[in-house]
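Report on the structure
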Amino acid sequence: MNLTMAADFALSMGLMEIDRADGRKPNQLRPLSCSHNFLNRAHGSARWSHGDTTVIAAVYGPKSGKKTNENPKKASVEVVWKPNTGHIGRDEKEYEIVVKRTLESICLLTVNPSTTISVILQVVDDDGGLLPCAINAACAALVDAGIPLKHLAVSICCGLTESGFVVLDPTKSEEQSLQAFTYLVFPNSFRSVLPGSPLSVEIGPFENGIITSTTHGVMSVENYLFCIERGRSASAALSEFLRKSLTKRNESNS
Amino acid sequence: MSSKSSSTTTMITTYSPSPTVKNRQPIIKDVDWARPDKRGFHQCRPAYLNTGTVNAASGSAYVEFGSTKVIVSVFGPRESKKASMYSDIGRLNCNVSYTTFATNFRGQGTENKEISSMLHKALEGAIILESFPKTTVDVLLWCWNPVAVSFLLCDLPVVISCASLALADAGIMMYDLVTSVSVSCLGSNLIIDPITEEETYQDGSLMITFMPSRHEVTQLTLTGEWSTPRIHEAMQLCMDACCKLGEIMRSCLKDAAASSES
Amino acid sequence: MGSTDGIQADIASEIEVDAFRRLFPLRFYERHLSESVRPDARPLNKARDTSVALGAISSADGSALVKIGHTTMLAAIKVEVMTPSLDSPDEGCIVGFDVFSSGMINLKELSLISGKAAWMLYLDVYCLDADGALFDAALLAAVAALSHLRIPVVSVNDDGRVVAMSGEHVEGKSVREPINREKRKLTFSCIPFSLTCILHQKYILADPTAEEELIMETLVTVVLDLSGRLVSLYKLGGNLAYNSTVQDCVALTRRRVKELHQILNEAVSDMEVD
């Protein structure tokens, strides 16, 4: 049992507490909120907030492809990142690529070949965990636009404090004092309409896989795996929230 | 895998520390004057040529002339970009870039635009553009190591010769290989294949790009004050060197072809 | 699906290998993978031949040319003097590669005069030939260029500007004292190395070529330092990665880090002999 696991055990038994500025427990996420379809012109839109971090996503498409060099057998995804202030820089360019690749892996791209799906992400407020918030917003907006998806995805930020604790969904001020943090994207758990056992692949249950991982800062491999573990358990709550908000939207539409 | 933005740091002004006292080399009119790299007046820099260095390109070449190193990749013929107008003949697109460490001052100058267009003009006449209608051939060129101050025109002959070698390697149809050599006029001397240091002190320069087998000139650049007999002398010198360079390039291509067959 | 597979298999028996490779690249690879070998005759977990040449560029203060298979990267560093920012008067900075912000280099080493002058390193990496695993080659080139870096000897002139000491000054004619006689090489607290792997079905392919990257899309890049800590684990989309796969990739990277460290050490010691 390494230090982090020991510390975590102590935490879970209520023997220790670490202080977070906003009084949350290490495993506690910030309040989530999600609203759909509030932009008229876009084919699908969503506004997603983790506490004070808010991102608006708009989806246009599938529309006829415009870029050359694209795969004629597949649709392509285009992501445009709009920062709340200033110009788009190197970090934002990287965010665009991360979101693009993540969305490409959850969309059924072969349904509408040689078309383009445009995703515009407008940052409203950044208080840490911006990229996970944007991915969640984009995913909700894709559903809103009726883009065929393989499954949903939820994203979360896991941080590792200097003292070796794992905290979930850190705020910006927390992020700066962390030793390392990682942005993870997990697939949403399946609810198959087919009778029988839930889908599982050779190595383990479907929802145990990681779609995307980016890290910042240096940590031990054990701690990284531990972050994945904690992120995964929290992703269930996120999935549940996403699923509920989507059901609510469908009910209100009908 | 970026983490923190470096935008704040780029605002800081920097400078390269250079010696305060510059020991200026006197302009020498003496015949005994030796060139900085100990060459004879009519002796070119040692050249190393190689083709097929870039795996991803359809043709490529790497050359070293003294300390100047140039790598060229040729892509295509491929579909013309954008909705460009229909054309019966192919297009040639040249792009010369200098690495940021090629000059003493970090950062790209504006010379690369000028050199790109000169390269385009020099090659255009030699390529059979009719052989690839509606498509584009891209010539991308990286130049590094010219220990130069600001104006990098002295590498243009190297750039042109290397580009034509890469075009030949890519199998683009050409009337002939294009070779290029320049001559500087320093006082009463004509020196061939000048390096940057010599170019700073020159009174005039002449550069030709030449097709050796056809004995045709595709481009001629002349700067400074020249008398007609001097021009004639310089032209003869350049053409002679071009023919010899052409032979070297030809044998380089033959060797490459032979080794790929075996 | 089954019937098309059958047709493909029929065609496969008739057409030549090269045509098969172009028409059905994925099936071509899968057939190799099931035999635990790759078309370039490598085992699945083996990286391509790697070479490091230091000092390729004479006009830069530190440079390296790295080849991993056909992938060729050229890295060069130029140093300039800057005025450090007010919040960190003892630190220099590095522009170009963000992995180094993870504390590989102590920026305090780049300080010349506290609050007045510090070194700014400009690190440029050029890709001369792209044949897969670009990040690995770029990181190796950057690390190699940093270990080749020799900071010029400088002194302060009467105007308070930092100037380089040219040859004759060092011989003793100068009245000025060099301010950085000792600190000409950087010391590294940790050196990062990376390995990119392709995940395809149950297979893990180390150090992919461009062709492999195009056909099988799930890439994982693991960056570890010499002490085995995780600097970065980078995966964008594609197939799902499970814990066991992640651990396998890390194990492969651990082995590769040792290999690369040895290659780099050999290059550095070769240079010092010259």
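Each remark here, short or long, concerns the structure printed above.
Reading the values: rules and limits
- Residues numbered from 1 in each chain as written.
- Chains lettered and ligands numbered in written order.
- Predicted model: local features only at pLDDT ≥ 70, side-chain atom pairs only at ≥ 80, totals over all residues.
- Helix = DSSP H or I, 4+ residues; strand = E, 2+ residues; numbered from the N terminus.
- Expected span 1.5 Å × (residues − 1).
- Buried ≥ 20, exposed ≤ 12 C-beta atoms within 10 Å, placed from the backbone.
- Contact = placed C-beta atoms within 7 Å.
- Nonpolar A, V, L, I, M, F, W, Y, C, P; charged D, E, K, R; others polar.
- Axes fitted to C-alpha atoms, helices over the stretch in contact; angles between N-to-C directions.
- Parallel < 35°, antiparallel > 145°, perpendicular 65-115°, else oblique.
- Left-handed = near helix turned anticlockwise from the far one by under 90°.
- Pairing = 2+ DSSP bridges.

Focus: unusual backbone geometry
Cis rather than trans, the peptide bond between Gly-61 of chain A and Pro-62 of chain A has omega equal to 0°. Along the chain, Pro-62 of chain A falls in strand β3 (residues 53–64). Even without being glycine, Ser-36 of chain C reaches a positive phi, approximately 55°. Along the polypeptide, Ser-36 of chain C turns up in the loop between α3 (25–34) and β1 (50–54). For Asp-207 of chain C, which is not glycine, the phi dihedral falls at a positive 50°. Tracing the sequence through the fold places Asp-207 of chain C in the loop between β10 (203–206) and α6 (210–215).

Section: helix α2 (residues 90–106) of chain A
For an α-helix, 3.6 residues make a turn, and residues three or four places apart therefore share a direction. Residue and element names in this part refer to chain A. Compared with the 24 Å implied by 1.5 Å per residue over 17 residues, the 25 Å span of α2 between its first and last C-alpha is a close match. Buried within α2 are the following residues: Tyr-95, Val-98, Val-99, Lys-100, Arg-101, Thr-102, Leu-103, Ser-105 and Ile-106. Residues of α2 that are buried in the fold lie against β4 (76–82), β5 (115–125), α3 (130–145), β6 (153–160), β8 (180–187) and β9 (212–216).

Overview of the interface of chain C and chain A
Each partner contributes residues to the interface: chain C has 20 residues there, and chain A has 26 residues. Counting residues per element, the ones that place at least two in the side of chain C that touches chain A are β12 (230–235) and α7 (243–273) of chain C. Ranked by residues supplied to the side of chain C that touches chain A, first place goes to β12 of chain C with six residues. Looking at the side of chain C that touches chain A, its residues break down into nine nonpolar, seven polar and four charged.

So, the environment of Asp-169 of chain A
Residues and elements named next belong to chain A. Looking at the element boundaries, Asp-169 is found in the loop between β7 (166–168) and α4 (172–177). Linking Asp-169 and Ile-156, residues 13 residues apart in sequence, is a C-alpha distance of 6.5 Å. Those residues in contact with Asp-169 that lie beyond four places of it in its chain are Leu-29, Arg-30, His-50, Gly-129, Ile-156 and Cys-157.

Some details on the packing of helix α2 (residues 156–169) of chain B against helix α4 (residues 228–261) of chain B
Residue and element names in this part refer to chain B. The contact between α2 and α4 brings their axes to 11 Å, and the two run at 30°. Taken together, the axis directions place α2 and α4 in an arrangement best described as roughly parallel. The handedness of the crossing between α2 and α4 is right-handed. Together, Ser-161, Leu-165, Ala-168 and Asp-169 of α2 and Leu-245, Met-249 and Leu-253 of α4 make up the contact between the two elements. Among the residues forming the contact of α2 with α4, the class breakdown is five nonpolar, one polar and one charged.

Here we look at the sheet that holds strand β6 (residues 135–144) of chain B
Residues and elements named next belong to chain B. Strand order across the open sheet formed by five strands is β2-β3-β4-β6-β5, with mixed pairing between neighbours. Across the chains shown, the open sheet's two edge strands, defined by having one partner strand only, are β2 (47–51) and β5 (91–98). Averaged over all adjacent pairs, the angle separating strand axes in this sheet is 15°, with direction ignored. Where strand β3 (residues 59–65) lies against strand β4 (residues 68–79), seven bridges are found, and the strand directions are antiparallel. Paired with Ser-60 across the strands is Ser-73, a residue of β4.

Things to note about the pairing of β12 of chain C
Residue and element names in this part refer to chain C. Along β12, five of the six residues are buried, which leaves the element largely enclosed by surrounding structure. Here strand β11 (residues 219–225) runs beside β12; their pairing, made up of five bridges, is antiparallel. Bridge pairing in β12 places Leu-224 opposite Leu-230. Between β11 and β12, which follow one another and run antiparallel, lie four residues, and Gly-228 among them has a positive phi close to 90°.

Quick notes on the packing of α2 of chain A against α3 of chain A
For any two helices packed against each other, the geometry comes down to the angle between their axes and how far apart the axes lie. Residue and element names in this part refer to chain A. Put simply, α2 and α3 touch, their axes get as near as 11 Å, and they point 40° apart. Of the possible angle classes, the one that applies to α2 and α3 is oblique. Classified by chirality, the crossing of α3 by α2 is right-handed. Of α3, the residues touching α2 (which contributes Tyr-95, Val-98, Val-99, Thr-102 and Leu-103) are Leu-131, Ala-134, Ile-135, Ala-138 and Leu-142.

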